[in-house]
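# Chains, contacts and geometry: an overview
Chain by chain, the residues run as shown.
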Amino acid sequence: MTSLVPSADFVPATINVAAVAPLLIVTVAALLGVLVEAFVPRDKRYVVQLTIAVLGLLGALAAVLTGARTNQTTTVAGAIVIDGPALLVQGSLCVLALIGLLAMSERLGSDHMDAFTRDGASAPGSHAEGLAQRLGATTTEIYPLTMFSVLGMLIFPAAGDLLTLFVALEVLSLPLYVLTGLARRRRLLSQEASLKYFLLGAFSSAFYLFGAALLYGYAGSVRLHDIATAIGTVNGLDGLLLPGVFFVLIGLLFKIGAVPFHAWTPDVYQGAPTAVSGFMAACTKLAAMAALLRVLYVGVAGDRWSFQVALWIVAVLTMVVGSVVTIAQSDIKRMLAYSSIAHAGFILVAVLSFDRAGVASALFYAIAYGFSVIAAFTIVALLRDADGSEATAISQWAGLGRRAPVVAALFTLLMLAFAGIPLTSGFTSKFGVFNAAIAHGGTMGIWLAVIGVLCSAITAWAYFRVILVMYFAEPAPQDAAGAARVVLPSAASTIAIATGVAMTVILGVVPARLLELATQNSQFLP
Amino acid sequence: MTLPTTALAALGTEGAATVHQADGIAGLGWLLIALPALGAALLLLGGRRTNSFGPALATGLSWASFGVGAAIFVEMLAKPADERAVTRTLYSWVPAGSFHVDAGIRLDQLSIAFVLLITFVGSLIHVYSLGYMAHDPDKRRFFAYLNLFIAAMLTLVVADSYLMLYVGWEGVGLASYLLIGFWNWNPPYASAANKAFFANRVGDVGMSLAIMAMFACFGTVTFTGVDAAAHNAPTGWVTFIALMLLLAACGKSAQFPLQSWLGDAMAGPTPVSALIHAATMVTAGVYLVVRSSSLFNLAPTAQLAVTIVGAITLTMGAIIGCAKDDIKKALAASTMSQIGYMMLAAGLGPVGYAFAIFHLLTHGFFKAGMFLGAGSVMHAMGDRVDMRTFGALSGKMKTTWITFLCGWLAIIGFPLLSGFWSKDKIIEAAFIGEGWRPWVFGLTTMLVAGLTAFYMSRLFFLTFHGRRRWLEGDHPHEAPSTMTIPMIVLAVGSVALGAVLNFAGFPGWLEPVVGGHGEEHPVLPVLVITLLTQLLMVIGVAVAWMKYWRDEVPQVAPRGSAVTRLAANDFYQDAFNDGLFVQPGNALANGLAAGDDTVVDGGARGLGVGLMDAAQSLRKLQNGYVRSYALTMLAGIVVILGTMWVMQ
C-alpha cells in the first residue's frame, strides 16, 4: 500500500501489463497518430489516421475482452484498479468511441471531413483560412486528439486514487476543448463554445483539486481505499472531509452535466461539430458516471449520510431543470443537450441508491443512452438546408416524415427511446434506474423515482414534439429554402447510425445479455 | 422474483382459479400477436412492392388472428371452469439483477373475451376499410398501422404482467397517434394528435408509478403474483397503486378529468374512430380496472373513486352528446358516456365487474356499427359531418339506415336488444349497496339512460329522418358492399349479442377471473328499475322526435341556452386545461429557459442571422456570459453547501 507521503524508501510500482493493455494500445495509437500528422503526405493522412484509430480501438476492445478480463486487479501502485465496472465501461467506451469516430469521419463525398474546419488555428473569415482552403488543408489531427481523449476516458473509471483521476480528467478534457472549437461552419460559435468549455472546465477542475487536497489532509492519502478506511477511524477532521468530498464531486458532476454545473452543456453541444457533441454526450458521460460511482462507492460511501442530501438536491435539480428546459428548446442540438442533462439526472437517481443494483442500472443506462445519442447526433449532422449548413432549428424539420421517411422513422425511434417507451432501450434503462432507487434507496429513493417518472413524462413532450413536427407539419412556403434535406451519408455515418439504432432496439427487446453483464460487473474492487 | 404457480394458487383468493401452463392450441397464443405484427412489419418494410396486395394481406392476417383466438376459445370451453386460465412464458425479458421479468401471455376467460372482440370487430373494420380507403394513395401505410394496432391491443389484453400490459398500452397509444394523424399534415389535426398524446402521457405517468410501486411493494408485476401478494400489503400502498391505475385508465379511456382528447381524436379516418375510439382501445381502462380487481377489492377508497369518475363522465358525456352537431363528435361523446357506465360498474366491485365487461362487449358491437354507419353517411355526403345538413337519408341509404337503426335501438336500451341486457344490469347493480351510494349512482345511471335515449335519437333523426337539409350538389348513395357487409354483421351483433351472452351465462363465465359475489338486492325492486328506465327512454325518444323529426331543424345551429353552449364546448375543458396546466407549464418552461438562456447564454440564439452579426453580438457577450456561468456554479455550490450545513 503506497502512500503519497514522501517516505524513506522508494518502491517501484509493479505493472500488470495485461490489465492495462487497453490503455497502452490506445496510447500507442494516439502517439502514432501524432507521427502520422508529421510524416505522412497530406492526401493520405485521412485513410492512415482512420485506419490507426479504428485498429487502436478494436485492439483495445480485444484487450479488454481477453487479457484484462482475466487480470482483474489493482496495479501500478494502486493508481489503476481494473475491476468489473472498469472493464464494462472500458469495453463499452471502445465501441461507443468507435462509432463516434466513424461519425466524425463523414466526408459526404468530398475530399475533406465535412464537420471540421480546414485550419482550426486561423481566424474565421481571415486570409489564412482562405489560404488553407485553397491548399487543401485537412483536419486529420482530430484522430490523435480523439484517441487521447479516449485514453483519459479509459483511465477515468479505473482510477484508484484522486490524482490519477485528475490526470485522467485533464487528459480526456483538453482534447475535447480543442475538438469543440473545430467546427467547419459557424466557426465563431464553435470557438466561443470551446473557450467557454475550457474556462468552466478549468474552474471545476480547481474545485476538484481543492477537494482532493482537503481529502488528502483528512485521510493522509489520495487513494480511494485509504480514504474509505480513514472515514471510519479519523476523528475531529470532519471540517476537511465534507467540503473535500463535495468539491471532488463537483469536478465529476461538471463532466456529467448535472445542474447547477450544467451551464456549459447547451452551448458546447450546439457549438461543437455535431459528431463531437455526440461523442461527448455518449462517452464523456459514461466515463464520468463510472468515475463518480467509483469515488462514491469505493471512497466516500462511509460518510454518505452527511453528504447525500447535497446529491439529492443535485439529482432533483438536474432532472427538473433538464426536463423542463428541454421542452422550451427550438434548436435540436440544444434540445439534445438539455435532454442529456435530464438523462444524467435519471442516472444519478440510480447512483444514489448505494447498492450494486444501482451500479448495474446506472451503467446500463449510460451505455444504452450512449448508443442512442450518438445515432441521434449523427442523424442531425445529415440534415442540411439549401446552403449545406446543418438545419438544426426544429422548425426546419417540418414535413421531414414525407421527404425522408427512413431518416424520420429512425429519428422517431430514437426519440421514443429517449422518452422511455417500452421495447426501446430507454424503457429498460429508466425502469432499471428507478427500480434500483425504489428497492434500495429508502424513502428518498422512492421520492427520487417519483420525480424521475414525472420528469420523464415532461421530457417526452419535447421528444414527441419533434415527431409531430416531422410528421404532422409542413414548412411554411417562405421557409421552403430553409427546410431540412437529407444528404446521403457514406458508409461511416451509416454504420454509426445503424449500430446506434440497432442497439437501441436490441437493448429494448432483448436487454438480457447486457443487463446480466452489468450485474455481474457491478462490484468495485476496494 | 417469481413464485411457483402452485404456491400462488394456495395463496389465491377464494374463487380464483389455478393458473396452468398453456398447452394445446393455447400454447400457440403468441400467434395472436405475431400474425398482425408480421403484417405491419411486411407492409411497412416492404414499401411500394406491397402496395398491390398489402391491404388484402393485412385483412387476411387479422382474420387469421381471429381464427387462432376462436380455436383457443373453443378449446377453453372444453375445459372445466377452474382450469381455463393458462399462461405461457415466451422469453425472459429482464432476467438479471434485482428485478426479473418474463414476457409471457395469459389466456383466461377475461382475456379471451377481449381477444375475440378485438380480432372480430378489428377484422370487420379491415374489410370495411378496403372500401372506405379504396382511393387513398397511402392505404398500404394505413393498413400497416391498423395491423400494428391490432397487435398492440392484443399484447395489452393477453399480457401476463403489468409490464407487458404496459408495452401494449404504449403500443396502442402509438398506433392511435399514427392513425389520428394519418391524413393530416395540417395544424388542427396535429393539435388533436397532440392533445391525445398529452392526456395519454398523464395517464402513462400513473401507469409507470403504479408499476414501480408494485415492484417496490410486491416484488413482482405478474397478475398472479400481484393477486397473491396484495393481501399482505399495507392498505395505503394498495390504495396508491389502485389510484395510479385509475389515473392510467382515465387517460386511455377518456374519463374525467382526462376526457377532452377523445372528441378531437375524431379527426382520424372513420374506421379508426370505430376500431380504436369506440370498440377497443378506449375500453382498455375498463379492462385494466377489472384485471386489477384483486387490488381494487382491497382499496375501497380507490373503488369509490372509480365509481365517481364513472358517474361524472357518463353524465358529462351524455350532456355533451346532446349539443354536438358533428356526427362523429356526438358519437364520441356517447362513447365517453358509455365507458363511464362501464367504469362505474367496475367501481362497484364484484357485483359490477362482469357487467362492465358485458356492456363493453355489446357496446363494442353497436358503437363500432354506428361509427361505420356514420362513415358511410359521410362517404355519401362529401365527407361532411354536420348533421344539420343531413336529414331524410333513410330512403337513399337503406342498408346504412337499417343497420344504424339496430345500433340506435341497442344503445338506448330497447327491450331485448343488446344494450338492454348489458346497460340495465349496470343500472341494477348501481342500485345495490347501503347508504347514499345506491341512490346517487343508481339514479344517475337511470336518468342518464333517458338522456342517452334523447341524444342518440336526436342523432338518428337528424341524420336519417325529418326534412332534407342537404347542400347543393349532394347525391347520397349507398356504400359498396365491402362497407355494408361489416355494418350488417355488426348490426346483427347489436341486436343479438346481448341476449346470447345473457342466456349463455356470460357473467358466470367470468367469475373465476373477477371473483364471485353473493346474492344482493337493489334498494328498489328490479321490475321497478326496469320500468322506470324504459319510461325515461320513451320520454327521451319522444322529446327528440318532437324537436328533431316533427319540427323544422335550422341548418345553422341556434345560439342555444347557456347549458347547450357549455356542452357544445365540452364544458370548456380545453380552456380549463389550458388555464390550469398548459399556460403555467409554458410559463414555467419559458421562465426556466429564459433564466438559463438570457441570464446565461442569450447570445447563442441570435447566431443564425449570420456570421457578421454573430461576431458583433459575440464580442459583446463573450466577457459577460462565461462569468455568469461560473457565477451560476458558484451560487449553486454555496447554496448546496449551506443546505448541507443546515441539515447537519
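Residues numbered from 1 in each chain as written. Chains lettered and ligands numbered in written order. Predicted model: local features only at pLDDT ≥ 70, side-chain atom pairs only at ≥ 80, totals over all residues. Heavy atoms only, no water.

Here we take up the overall build of chain A. From N to C terminus, chain A includes 20 helices and four strands. Over its C-alpha trace chain A gives a radius of gyration of 22 Å, about what one expects of a compact globule, namely 24 Å for 526 residues. Along the three orthogonal principal directions, the C-alpha set of chain A runs to about 70 × 55 × 40 Å. Expressed as a percentage of the 526 residues in chain A, the buried residues total 66%. Total accessible area on chain A is roughly 16,400 Å²; 69% of this is exposed by carbon and sulfur atoms. Taking the average location of the 27 positive side-chain charges in chain A and that of its 25 negative ones, the two points are 6 Å from each other. (Helix = DSSP H or I, 4+ residues; strand = E, 2+ residues; numbered from the N terminus. Rg over C-alpha atoms; globule rule 2.2 N^0.38 Å. Buried < 20%, exposed > 50% of the residue type's maximum accessible area, 1.4 Å probe, protein only. Areas by Shrake-Rupley, 256 points an atom, 1.4 Å probe, with all protein chains shown as cover. Lys, Arg positive; Asp, Glu negative; His and termini not counted. Charge placed at Lys NZ, Arg CZ, Asp CG, Glu CD.)

Residues and elements named next belong to chain B. The full count for this structure, using the stated rule, is 12 salt bridges over all chains. Note that Arg-291 is salt-bridged to Asp-108, the shortest N-O span being 2.9 Å. Taken together, the residues Arg-291 in helix α12 (residues 284-291) and Asp-108 in the loop between β3 (101-107) and α4 (109-132) connect sequence positions 183 residues apart. For Arg-291, a relative accessible area of 6% puts it in the buried group. (Salt bridge = Lys/Arg side-chain N within 4 Å of Asp/Glu carboxyl O.)

For the rest of this paragraph, the subject is helix α2 (residues 42-65) of chain A. Residues and elements named next belong to chain A. Taking 1.5 Å per residue, 24 residues should reach 34 Å; α2 reaches 35 Å between its end C-alpha atoms and fits that length. Within α2, the full set of buried residues consists of Arg-45, Tyr-46, Gln-49, Leu-50, Ile-52, Ala-53, Val-54, Gly-56, Leu-57, Ala-60, Ala-63 and Val-64. Where α2 is buried, its residues touch α1 (17-39), α3 (84-104) and α5 (142-155). (Expected span 1.5 Å × (residues − 1). Contact = heavy atoms within 4.5 Å.)

For the bond running from Val-259 of chain A to Pro-260 of chain A, omega is 5°, close enough to zero to count as cis. If you trace the backbone, Pro-260 of chain A turns up in the loop between α9 (238-256) and α10 (264-271). Here Phe-354 of chain A, not a glycine, exhibits a phi torsion of approximately 50°, which is positive. For Phe-354 of chain A, the position within the fold is in the loop between α13 (332-351) and α14 (356-382). Residues other than glycine seldom take positive phi values, yet Ala-254 of chain B does so here, at roughly 55°.

The next subject is the pairing of β3 of chain B. All names here are of chain B. Across the seven residues that make up β3, a large majority, six, are buried. Pairing of strand β2 (residues 86-94) with β3, which is carried by seven bridges, proceeds in the antiparallel orientation. Each bridged residue has a counterpart across the sheet, and for Val-94 the counterpart in β3 is Val-101. (Pairing = 2+ DSSP bridges.)

Taking the numbering used here, the UniProt-annotated feature "domain: NADH:quinone oxidoreductase/Mrp antiporter transmembrane" (unreviewed entry) corresponds to residues 159-458 of chain A. Within residues 159-458 of chain A, the helical portion is 79% and the strand portion 1%, while the C-alpha atoms at the span's ends are 36 Å from each other. (UniProt positions renumbered as here; feature names shortened; annotations may be inferred.)

Quick look at the packing of aromatic side chains now. For the coordinates displayed, the defined rule picks out 43 aromatic pairs over all chains. Connected via pairs of aromatic rings, a cluster forms that spans Tyr-177, Tyr-197, Phe-198, Phe-254, Trp-264, Tyr-269 and Phe-377 of chain A. Over the ring of Trp-305 of chain A we find Arg-304 of chain A; its NZ or CZ atom is 4.5 Å from the centre of that ring. Against the face of Tyr-548 of chain B rests Arg-458 of chain B, its NZ or CZ located 5.1 Å from the ring centre. (Phe/Tyr/Trp six-rings, centres within 6.5 Å; stacked < 30°, edge-to-face > 60°. Lys NZ or Arg CZ within 6 Å of the ring centre and 35° of its normal.)

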